[in-house]
Every structure is written in C-alpha cells, then in structure tokens.
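Spelled out from the first residue to the last, the chains are:
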Amino acid sequence: MAFANDVRFPVDRREILGRLQAILPRHLVLAEEEELRPYECDGLTAYRALPLIVVLPETETQVGAILKACHELKVPLVPRGAATGLSGGAMPHEDGVVLSLARFKKILKIDPLSRTAVVQPGVRNLAVSEAAAPYGLYYAPDPSSQIACTIGGNVAENSGGVHCLKYGLTVHNVLKVRGFTINGEAVEFGAEALDAAGLDLLAIINGSEGLLAVITEVTVKLTPKPELAQVVLAYFDDVQKAGNAVADVIAAGIIPGGLEMMDKPATHAVEPYVKAGYDLDAEAVLLCESDGTPVEVAEEIERMKAVLEKSGATSLVVSQNEAERLRFWAGRKAAFPAVGRITPDYLCMDGTIPRKRLAEMLEAIADLSVKYGLRCANVFHAGDGNLHPLIMYDANQPGELERATAFGSEILELSVKLGGTITGEHGVGVEKVDLMAAQFTPAEISAFHRLKAAFDEKGLLNPGKGIPTLARCREYTQTRGAAAVTPPPRF
C-alpha cells in the first residue's frame, strides 16, 4: 500500500545523482531498482515508496555535503537508521534521497567517571550496554527491538522500553546530540553538563522523527547496574482486574523497575516461541520487577505481592535467579515477533492513557475486536500506560487492512478521549499523521509547522511525516466528526 505525499518535488534525478556521486565513492550511492527495494519501508510494511537514490555516507563531512546538495537542489531527504520503526517514519519520499546512517556504528567513548557514552547514531541500543558492562554500567532505555534498533533512531522516536517507568525514556537519558541541519550546517543540542542555558532544544530533537536535523553523534547517560533484580509474575483471571492492579501498585507508592502486561492472546503467541514458562490458563499476566540492593528488593517484592494479591491476582511467581528473570522478560520482549508467527500481518498501535483507565481501554478493545472481526493481542508498558495492541489481519484479503486501520484509529482516538496521546514511543510517521488532528488543535499544528520551518524552511527533511497539513486536518475533522477534536490549546 503506497502512501500519497501531500507535497511533490520537481527533481532532476540525473542532476542530484551527479552531485551525490561527486561527494561519495560510487559504491556508496545506490540508484538501481534492485538496490533501492530494501529501503522502500521500515517496520510498518503496509506503506511503501521507492526512493530515487540511497546514500551511505561514512563521515560527518560527507553527511554535511549531502545535505547541502539536497538543499540547493530542493531535493527531499529521509534519514534512516536500522528501520525497525513501526510508524513509517523512515519510509522514503518518492522524489527524494534516503540517507542511511548504517555505517555510523562506532562507540567513540565510554567514560565510567562521568557515566556517559559518546556513540554514533548507527550503534545498536544493546551494544551500548554491552560496552559499558565491564564498568558496572548500562544504558537504561531498552526497547523490545534493542538487539537491532539504533541510538539515532531511539532519539528520533524518543523510544521507551520495559524499564522506562523507573529510568525514563530516551529524552531522560540523552545529554547531547550533534548533527546537521538541512543546509549542511553543523549543530549541537544540549551539553555534557546536566543542564544548559536557553530553551531546551535537546528535548525538541528527541522525538522529532528526522524532521529537524540529521543526527551524527549522541552522548547518553549510563546507569549503574543494580546489585539484584527480581521479577514477580502475577496472573489474573480477568483482564480488567489486571489493568486495575497496575494503578493499585503505583497508588501504593511503588515504582517498579518494570511493570508490563500481556493478555491471554499475547501469552498464547509468546509461549510456544520463547518457552518463558507462562501460565496459559490466565487471562492476563503482569510482570513487576524490583531492582536495587538485596534488602531493598526483598522489601519491595513483599509489598508488591501484598498489593497484587489484594488486587485479585490468582497466583504469584517470583524469579529465583538471574536466568529465570531473563527468561520471564524474554517472553515479553519477544511478543512482536511471536505474534508475527501466527498472523500474515499485524498493526502495532502505540497509544498512551492514564493508568487508571487501563481496564476501561481493555474492555473497549475487546468490543472493537468483535466489531471489526479481527483478532487483537494486547501488550502494554502498563506502568506508564503505553498500549501496544497488535491488530492481526491478512493484507491479501480484500478490506482487511482497511478494517485493521479503522480499528487502530478508534483505539488511538479513544486514547485521546481518556486523557492520553496517540503515541508513546513509536512516533507519528505516516501511520498516525492524520490522527494528530484528534489530539491537537489547528493552532497547535500551526505552531508545529512554524517550528519545523525554523529548522527547514523548504520542508525537505522527511516530508509528509509527523505533522499533517492544515488541509489534512480539516479533511480528518470532516470525515471523523468534530467530536474527534476535543482538546483546547496547551501552550
């Protein structure tokens, strides 16, 4: 399924190809169709577009020169990392260039005294923790795709992970970002100090989805590895009870290292794949982790157990060693590929709601599953209310993608109505660009456009993503009804 961009760019392909071949060796400029096909989409495979050209620079000087050439010739450019994103943020523009940062994969510095690491954007998330391990440190944000996703992409999407409840999202773990604007100008955001004067532009870059700058270097915080970590598996005979238990844990003043939830369809998909040891008779399972010193963990585990039992847990299992803890988490982290084994296609939603509304949302998703005639497995970063309903469909069956998309849109619209947002960590990309009108007013979206123009006046960086045109906002409102646009301006 192709995505129709609002803006087309009249580009002379031969001219831009010549400019790029003058900047890079020939083998780093891909222009034949068979070379371009692997770049036509990211993890959201429902939307595809073939770029004009793909470039694979190896130095910051080359990146700056590529951006300058595209700016001068008014050629759109899409930065790309490992392409594990699930919202179409790295999907190419058919009139433009894809700039792959796959060759920027060096860990430049690990500083155990300041507890920081300086890395290039193509470094895998997990590789940072592996490099920091000899110093007793690790990088806390841990998306489920951490074995493959890259730090540059994590910054672009402000990625979270199963431990973000206690240790924060990417934005809370990044000190400085270096990169280039669309005109080839080098720029830095943030500092190695804990704070910097002026407006917090570092926070703007986190989650900017490649709309403002191309990232070439990131300085991240490292966290000391806890002495001990244990996880409690809490089983429930009702998903609403499990949802309410999440709010009960937080209300008790407990901030777990991780607090995740899976419903029965999710555990039934995961268990044959990972053999994590989950109880397949339970309607839902919560994974509640405690970390710290042995004394702290022992005390917090007992408090967790008391709250979970009072909330209706039918049984509790506590990990007895590190291998068992990792096995329990392996099931949760493998949920996406596990569901991929039992369905031809699926859409992974990414709404976020207040924790106290989890049970209400779960009931609504069950009703929508019946309404659209599609299966749905639910996986949640329950501690911070980040939903990942996996809507299963078959793109080869006429109408199923459209039903799945409508199903997902209703979930995200409900997320906004319940006081949440349309995305927690996967970004807007092309998947949710129209749904921005469900959360933001035209005045707010106009402000987003003005911010974008301050960095990229010609609109060349990752066009058609993240921020809808006002015309598309009006079309969405007319199609979905004025009730879809409820919030007042927040600035």
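Cut-offs applied
- Residues numbered from 1 in each chain as written.
- Predicted model: local features only at pLDDT ≥ 70, side-chain atom pairs only at ≥ 80, totals over all residues.
- Heavy atoms only, no water.
- Helix = DSSP H or I, 4+ residues; strand = E, 2+ residues; numbered from the N terminus.
- Rg over C-alpha atoms; globule rule 2.2 N^0.38 Å.
- Buried < 20%, exposed > 50% of the residue type's maximum accessible area, 1.4 Å probe, protein only.
- Contact = heavy atoms within 4.5 Å.
- Lys, Arg positive; Asp, Glu negative; His and termini not counted.
- Charge placed at Lys NZ, Arg CZ, Asp CG, Glu CD.
- Pairing = 2+ DSSP bridges.
- pLDDT = per-residue confidence, 0-100.
- Expected span 1.5 Å × (residues − 1).
- Polar contact = N/O pair within 3.5 Å; in protein donor to acceptor, adjacent residues only side chain to side chain.
- Axes fitted to C-alpha atoms, helices over the stretch in contact; angles between N-to-C directions.
- Core = buried A, V, L, I, M, F, W, Y, C linked by side-chain atoms within 4.5 Å.
- Parallel < 35°, antiparallel > 145°, perpendicular 65-115°, else oblique.
- Left-handed = near helix turned anticlockwise from the far one by under 90°.
- Salt bridge = Lys/Arg side-chain N within 4 Å of Asp/Glu carboxyl O.

This part covers the overall build of the chain. In terms of regular secondary structure, the chain is built from 17 helices and 18 strands. For 491 residues, the compact-globule estimate of 2.2 N^0.38 gives 23 Å, and the chain sits close to it at 22 Å. Along the longest, intermediate and shortest principal axes, the C-alpha atoms of the chain span 70 × 55 × 45 Å. Going through the 491 residues of the chain one by one, you find that 55% of them count as buried. Intrachain contacts of the chain at a sequence separation of at least 6 include 73% that bridge at least 24 residues. If you average the places of the 48 positive and of the 62 negative side-chain charges in the chain, the two averages end up 3 Å apart.

Counting buried positions along strand 17 (residues 376-381) gives six out of six residues, so the element sits mostly inside the fold. Burial along strand 17 is two-sided: C376, N378 and F380 facing one way and A377, V379 and H381 facing the other are all buried. Remark: four residues form the turn of the hairpin made by strand 17 and strand 18 (residues 386-393), two consecutive strands paired antiparallel; G385 in that turn has positive phi of roughly 70°.

Its location among the elements puts N154 in helix 5 (residues 151-157). Taking the relative accessible area as the measure of exposure, N154 reaches 2% and is therefore buried. In contact with N154, not counting residues within four places along its chain, are N125, P143, C149, S159 and T170.

The next point concerns the confidence of the model for the chain. Should the pLDDT be low somewhere, the predicted coordinates at that spot are not to be read in detail. Looking at the chain, pLDDT values average 94 and 97% of them are 70 or higher. For the stretch residues 482-486, pLDDT sits under 50, and the model shows 11 contacts to residues farther than four places along the chain or on other chains.

Attention shifts here to helix 8 (residues 239-251). Between its terminal C-alpha atoms helix 8 stretches 19 Å, which fits the 18 Å expected from 13 residues at 1.5 Å a residue. Of the surrounding elements, those touching the buried residues of helix 8 are helix 6 (164-167), strand 12 (228-236), strand 13 (258-263), strand 14 (284-292), helix 10 (294-310) and helix 13 (358-372). Put simply, D238 is the residue that caps the front of helix 8, since its side-chain oxygen is 2.9 Å from the backbone nitrogen of Q240.

The next thing to look at is the sheet that holds strand 17. Pairing within the open sheet is antiparallel, and its seven strands lie in the order 15-12-14-13-17-18-16. Since the sheet does not close on itself, it has two edges, and those belong to strand 15 (315-318) and strand 16 (345-348), each with one partner. Pairs of neighbouring strands in the sheet enclose a mean axial angle of 15°, with direction left out of account. Pairing between strand 12 and strand 15: four bridges, direction antiparallel.

Another aspect to go through is the nonpolar core. Formed by 86 residues in total, the largest nonpolar core has its most connected members in V128, V218, V220, L286, L308, F407 and I411. Beyond its immediate chain neighbours, meaning those up to four positions away, V128 contacts I107, A117, V119, V123, Y139, I151, V220 and L222. Counting 33 residues, the second-largest nonpolar core is a separate cluster that includes L28, L52, V54 and L101.

Glancing now at unusual backbone geometry. Note on backbone geometry: most residues besides glycine have negative phi, and most peptide bonds are trans. Backbone geometry places A83, a non-glycine residue, at a positive phi of 60°. As for its placement among the helices and strands, A83 is situated in the loop between strand 3 (77-80) and strand 4 (97-100).

Two elements in contact, helix 13 and helix 14 (residues 400-417), have axes whose closest approach is 10 Å; the angle formed by their N-to-C orientations is 160°. With respect to each other, helix 13 and helix 14 are oriented roughly antiparallel. In this structure, helix 13 crosses over helix 14, and the sense of that crossing is right-handed. The residues of helix 14 that touch helix 13, namely those facing M361, A364, I365, L368, S369, K371 and Y372, are R403, A406, F407, E410, I411, L414 and S415.

Right, let's talk about the side chain of D263 for a bit. Mapping D263 onto the fold places it in strand 13. Of the side chains bearing the opposite charge, K264 lies closest to the buried D263, which forms no salt bridge; the N-O distance is 10 Å. If we ignore the near neighbours within four places in the chain, the residues touching D263 are V239, E283, A284, C376, A377 and N378.

Here we come to the pattern of salt bridges. Using the criterion set out here, one finds 26 salt bridges in the structure. Between E217 and R178 there is a salt bridge, with its nearest N and O atoms 3.1 Å apart. Of the two residues, E217 sits in strand 10 (residues 214-221) while R178 sits in strand 8 (residues 174-180), which places them 39 residues apart along the sequence. According to the relative accessible area criterion, E217 is buried, its value standing at 12%. The partly exposed category is assigned to R178, whose relative accessible area is 26%. Here R357 makes a salt bridge to E360, at a shortest N to O gap of 2.8 Å. Residue classification places R357 among the partly exposed residues on the basis of a relative accessible area of 24%. Overlapping salt bridges bring together E33, R37, E40 and R48 as one network.

An order of 1-2-4-3 is seen for the four strands of this open sheet, with the pairing classed as mixed. Every other strand in the sheet has two partners, leaving strand 1 (29-30) and strand 3 as the edge strands with one partner each. Pairing of strand 2 (residues 53-55) with strand 4, which is carried by three bridges, proceeds in the parallel orientation. Pairing of I53 across the sheet is with V97, part of strand 4. Strands in contact with helix 1 (residues 13-23) are strand 1, strand 2 and strand 4; relative to strand 2, the strand with the most contacts, it is inclined by about 15°.

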